[in-house]
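Results of the structural survey
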Amino acid sequence: MEIIKTDCALCVNCCGIDAYVDKGRLTKVEGTKEHPVNLGHLCPKGERLVEYVYSEDRLKYPMRRDNGEWKRISWDEALDTIATKLLEIKERFGAHALAVYTGSVGVEHLEISFFAQRFRGAYGTPNFITVDSGCWRARILARLLTFGTFPSEDLENTKCVMLWGHNPDESRFPVARQIRKAMGEGAKLIVVDPRRIPLAKEGIHLQLRPGTDCALALGIMNVIISEGLYDKEFVEEWTFGFDKLVEHLKHYTPEKVEEITWVPAADIKRCARIFATTRPGGIVQGVCSLERQKNNMQNNRALAILQTITGNIDVPGGWVSTNAIRLTDLRIPVDEEPMGADEYPLFHKAWGMTTPYGHAMVFPDMVLSEKPYPIKALIVAGGNPAVTIPDSKKYQQALEKLDLVVVMDVVMSETAELADIVLPASSFLEQSGIGDFPPVAMHGLPYIMLRRKVIEPLGESWPDWKIWSELSRKMGYGQYFPWQTDEEMIEMLLAPSGITLKQLMDEPIGLFYTEKNYDRYKKKGFRTPSGKIEIFSETFKDAGFDPLPAHREPTQSPIETTELAGEYPLILITGARSLEYIHGQLRHVPELRRIAPEALMEIHPSTAAKYGVLDGEKVFVETKKGRIKIRAKLTEDIAPQVVSIPHGWAAANVNILTDIELRDPISGYPEDKGLLCRIRKI
Ligand SMILES: Nc1nc2c(c(=O)[nH]1)N[C@H]1C(S)=C(S)[C@@H](COP(=O)(O)OP(=O)(O)OC[C@H]3O[C@@H](n4cnc5c(=O)[nH]c(N)nc54)[C@H](O)[C@@H]3O)O[C@H]1N2
Ligand SMILES: Nc1nc2c(c(=O)[nH]1)N[C@H]1C(S)=C(S)[C@@H](COP(=O)(O)OP(=O)(O)OC[C@H]3O[C@@H](n4cnc5c(=O)[nH]c(N)nc54)[C@H](O)[C@@H]3O)O[C@H]1N2
Ligand code: SF4
Ligand SMILES: [Mo]
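Residues numbered from 1 in each chain as written. Chains lettered and ligands numbered in written order. Predicted model: local features only at pLDDT ≥ 70, side-chain atom pairs only at ≥ 80, totals over all residues. Heavy atoms only, no water.

**Things to note about the overall build of the protein**
Note the threshold: To qualify as a helix, a DSSP run of H or I must reach at least 4 residues; to qualify as a strand, a run of E must reach at least 2; elements of each kind are numbered from the N terminus. In this setup the radius of gyration rests on C-alpha atoms only. A globule is expected at 2.2 Å times the number of residues raised to 0.38. When a residue's accessible area, from a 1.4 Å probe over protein chains only, is under 20% of the maximum for its type it is buried; when over 50% it is exposed; and in between it is partly exposed. What makes two residues a contact is simply this: any of their non-hydrogen atoms within 4.5 Å. Only the protein chains shown count as covering a residue, and every accessible area follows the Shrake-Rupley method with a 1.4 Å probe. As used throughout, the charge tally considers Lys and Arg to be positive and Asp and Glu to be negative, leaving His and the chain termini uncounted. Here the site of a charge means atom NZ of a Lys, CZ of an Arg, CG of an Asp or CD of a Glu.
For the protein, the count of helices and strands is 28 helices and 29 strands. For the protein, whose C-alpha radius of gyration is 24 Å, the value lies close to the compact-globule estimate of 26 Å for 682 residues. With the C-alpha coordinates aligned to their principal axes, the bounding extent of the protein is approximately 70 × 60 × 50 Å. Expressed as a percentage of the 682 residues in the protein, the buried residues total 63%. Put simply, 75% of the contacts in the protein that link residues at least 6 apart link residues at least 24 apart. Accessible surface, the protein as shown: approximately 24900 Å² in total, 50% of it carbon and sulfur. Charge centroids of the protein, computed over 83 positive and 93 negative side chains, lie 2 Å from each other.

Given below as structure tokens:
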């Protein structure tokens, strides 16, 4: 029996695991006790890695769909077919007719995204689209355009946590543990969420109306400034546009904000005082709750400004900028702008920084309308967009229209079902790679470890990086993919970091590559045009957006679109995470399915009573886009006017109800928190 120390790449947490291997077979997994992220704990998903990896549902060989039937084919046939078709498409329609999509797995398992980007560069298409069009990237951008860097929470040293739209007990348990540890040492906790999540019961809960976060943040700032509780010295020396903020906030009195957000004015005042006077404090945001709203970028800016005026930037326990590790950039430049760059210019390019991403939310319309040019092929790696992108019906129509859809996955996902060819990817346990990459793991630790291969690839599956490399060789791009083994590939990626593969091999649980640096601005200033924190953003103004965050009602609003609200009286939030699953993944693991067999809609008992719905009964939920059938779970822990439905369930797919046309005008992120819906008893 051998114990291999590696990390779990099932989700962003990247927990350390001890993998027990007997005669080449994984037999047991335990959490690594000395790993700084999880300290020996595992979530139910991590505990079932053995079942996950050896599941009957694993794709073991390449397959091709012939008249609706899947047929096993060889790698040679699969790659030859794809290569021939792609070269033909490039010849007839130009390289931009191919789009390459990577999903959430391309974030925690970075080789997927790196190699997908290299391939698309070699082929010459600008259209690399990813989950970043709806997750995480907008927050980075909003903070970059405010601070010039990306500071984030430093929970080890904090005295006050404002947990905003985040339920880490389900989605980031190491963070939940850190928060409870801080509270054990006396820290205060304020929770902003339409649901009374477990941590809300341990602190002060502000149960706001979905989609009104920006207004709440402005109301809190109104109190802090009018009561003189802000950090005057820091604000005077290090911020730009504070005077304009003071004027602007006059519109956001606690009483007015109560009307918008449903949070009592007295609670707004109380929390404002606590956050301003209990320093250091840090806002800990969810990852897509504030983002997948119409006010996405402005929500993020508002919280960044709240963090600023309380003097909580670059201090221990506040928000801290940490140098990211440098890895080899595998991108091959493509001059043409990607899809969506014209519609969302700030998302694509600002201050001379260009993202490599096109916008995934414009993809279905572009395919269906063929404007500004036709898209003919899509390769998906590590994503399941047919279920995870809003308006699944439209997405599926778009897939049907394409001449070629290729999906690389470990199982037959709903997107793979719609493909022409599926390629079996090895799971993260079947290859070595770079693990615990900090911007990915998001736990704020500047930490890296070797993700060690635990078992040989199952069946004929290959690691993703090898699939991209072999396909490239078939297409004549072999010179861009000289690496033959996991080890060569890792050495190449690590080259600019100053860390070697040998070093990582010698460190069973990895290493800290830098220290957090506090007071960085005192030495370096802020890397913004004004050299200060941009409370007022000329960049936003020049682009035609509010230079100071302002509340905008959700597109479907009980206040502004009253006629619609008459027809659809409830507010729908989507995508709350549960510990058992990751998006659409892991439904094939029987033990997880036993714990959480199906999708449940959370609804308040008083609301359910109005519709005569009992706990456990099935109901229809309808929006302007569509209808699904789902079982109701009655709970007092949700605001009475709100219902919450998780995503990723094919049989009760909430993205049938969402609308890809509703987006944040700045980032193009979809609005799927705070839609209007109605329910009907069946
Ligand atoms: N187990 C598990 N963990 C995951 C994932 C997973 O699928 N499963 N996914 C990973 C990924 S990719 C991501 S992006 C993150 C997502 O992480 P988060 O976005 O932090 O998701 P949750 O932790 O579920 O917390 C979201 C909370 O926001 C609340 N909320 C909904 N609408 C609003 C609103 O309008 N305002 C406010 N203030 N709150 C609102 C919900 O009630 C919920 O409690 O999780 C990551 N971790
Ligand atoms: N309504 C609504 N929709 C949402 C959200 C929401 O809150 N509400 N959240 C959104 C967010 S934040 C995100 S990040 C997206 C996530 O959206 P996706 O990334 O599209 O969702 P997943 O189900 O995680 O898809 C990952 C796929 O990769 C496969 N896979 C796993 N490991 C590997 C591997 O090593 N190689 C390869 N090639 N494949 C692998 C899995 O089997 C799975 O099919 O969903 C978004 N959708
Ligand atoms: S939280 Fe994520 S990384 Fe940690 S064990 Fe669970 S699935 Fe794996
Ligand atoms: Mo995400």
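Now that the structure is up, let's keep going.
**Let's talk about the site of ligand 1**
Cut-off, in case you're wondering: Proximity is defined per residue: any heavy atom of the residue falling within 4 Å of a molecule or strand makes that residue near it. Two N or O atoms form a polar contact when they lie within 3.5 Å of each other; inside protein one atom must be a possible hydrogen donor and the other a possible acceptor, and for residues adjacent in sequence the pair counts only when both atoms belong to side chains. For this classification, Asp, Glu, Lys and Arg are treated as charged, while Ala, Val, Leu, Ile, Met, Phe, Trp, Tyr, Cys and Pro are nonpolar and the rest, including Gly, are polar. Those domain boundaries reflect an automatic or database domain assignment.
Surveying the vicinity of ligand 1 reveals 32 residues, the closest of which are H166, S171, D193, D213 and Y581. Between E170 and ligand 1, the recorded distance is 3.0 Å, taken from a backbone N or O atom to a nitrogen atom. Calculation on ligand 1 without its partners gives an accessible area of 910 Å², and the protein chains cover 97% of this total. Its residues placed into classes, the shell around ligand 1 shows 15 nonpolar, 10 polar and seven charged. The two domains that each donate at least three residues to the shell around ligand 1 are domain 3 (137-321 + 523-542) and domain 4 (562-681).

**Structural notes on the domain arrangement of the protein**
To be explicit about the condition: Buried area counts how much accessible surface, traced with a 1.4 Å probe, disappears from two parts once they are put together, with both parts' losses summed. Only one rule defines a salt bridge in this text: a Lys or Arg side-chain nitrogen within 4 Å of an Asp or Glu carboxyl oxygen.
We note that the domain assignment places domain 1 (2-53), domain 2 (63-126 + 342-431 + 456-485), domain 3 (137-321 + 523-542) and domain 4 (562-681) within the protein. Its C-alpha centre places domain 3 at a distance of 27 Å from the equivalent point of domain 4. Counting residues at the interface gives 23 residues for domain 3, matched by 25 residues for domain 4. Interface of domain 3 and domain 4: buried area, both sides summed, is about 2100 Å²; carbon and sulfur atoms make up 59% of it. Applying the counting criterion to the domain 3 and domain 4 interface returns four salt bridges. As a salt-bridge pair, E602 and R195 come within 3.1 Å of each other at their nearest N and O atoms. Seen at the junction of domain 3 and domain 4, the total is 12 residue pairs in polar contact (both at pLDDT 80 or more). Contributions of two or more residues to the side of domain 3 that touches domain 4 are made by α6 (137-147), α7 (168-171) and α14 (296-309).

**A closer look at the packing of aromatic side chains**
Put simply, the rule is: When two rings of Phe, Tyr or Trp (its six-membered ring) have centres within 6.5 Å they constitute a pair, described as stacked for plane angles under 30 degrees, edge-to-face for angles over 60, and tilted for the intermediate range. Charge-over-ring placement is defined geometrically: NZ (Lys) or CZ (Arg) within 6 Å of the ring centre, and within 35 degrees of the ring normal.
Tallying each qualifying case throughout the model produces 20 aromatic pairs. Geometrically, the ring pair formed by F119 and Y477 is edge-to-face, given 6.3 Å between the ring centres and 65° between the ring planes. Of this pair, F119 sits in helix α5 (residues 110-123) while Y477 sits in the loop between α21 (464-475) and α22 (486-494), placing them 358 residues apart in sequence. Neither residue differs from the other here; F119 and Y477 are each classed as buried. Ring centres of W136 and F150 lie 5.7 Å apart, and the angle between their planes is 85°; on these two criteria the pair is classed as edge-to-face. Remark: F150 occurs in the loop between α6 and β8 (152-153) and W136 occurs in the loop between β7 (128-130) and α6; sequence separation between them is 14 residues. For W136, a relative accessible area of 14% corresponds to the buried category. Assessed through its relative accessible area of 23%, F150 is described here as partly exposed. An aromatic cluster is defined as three or more aromatic residues linked by ring pairs; in this entry it consists of F115, W465, F481 and W483. For the cation-ring pair, R25 lies above Y54, with the distance from its terminal atom to the ring centre recorded as 3.8 Å. The ring centre of F620 lies 3.9 Å from the NZ or CZ of R627, which sits over that ring.

**Topic: the sheet that holds strand β4 (residues 63-66)**
We count it as follows: Two strands qualify as a pair provided DSSP detects at least 2 bridges between them. Inter-axis angles, ranging from 0 to 180 degrees, are taken between N-to-C directions of lines fitted to C-alpha atoms, where helices are fitted over the stretch in contact.
An order of β5-β4-β19-β18-β17-β6-β7 is seen for the seven strands of this open sheet, with the pairing classed as mixed. The sheet terminates laterally at β5 (69-72) and β7, the two strands that pair on one side only. Strand-to-strand twist in this sheet, taken as the mean axis angle between neighbours without regard to direction, amounts to 20°. One ladder, built from four bridges, connects strand β18 (residues 404-409) with strand β19 (residues 421-424); its direction is parallel. Across the sheet, the residue bridging to D409 is P424, located in β19. The strands touched by α5 are β6 (98-102), β7 and β17 (377-381); relative to β6, the strand with the most contacts, the crossing angle is about 170°. Contacting β6, β17, β18 and β19, α21 crosses the sheet at an angle of about 150° to β17.

**Description of the pattern of salt bridges**
Applying the stated rule across the entire model yields 49 salt bridges. With its nearest N and O atoms 3.7 Å apart, the salt bridge here joins K181 to E185. Since its relative accessible area comes to 54%, K181 is described here as exposed. E185 sits in the exposed class, given a relative accessible area of 58%. Here the residues in one salt-bridge network are E567, E622, R627, R678 and R680, joined through shared partners.

**Looking at the packing of helix α9 (residues 213-226) against helix α11 (residues 242-249)**
Our working rule: Orientation labels follow simple angle bins: below 35 degrees gives roughly parallel, above 145 gives roughly antiparallel, 65 to 115 gives roughly perpendicular, and whatever is left gives oblique.
Relative orientation of the contacting elements α9 and α11 amounts to 110°, with a least axis distance of 10 Å. Classified by the angle between their axes, α9 and α11 sit roughly perpendicular to one another. For the pair α9 and α11, the contacting residues are L218, M221, N222 and I225 in the first and F242, L245, V246, H248 and L249 in the second. Of the residues assigned to the contact of α9 with α11, the class counts are seven nonpolar, two polar and no charged.

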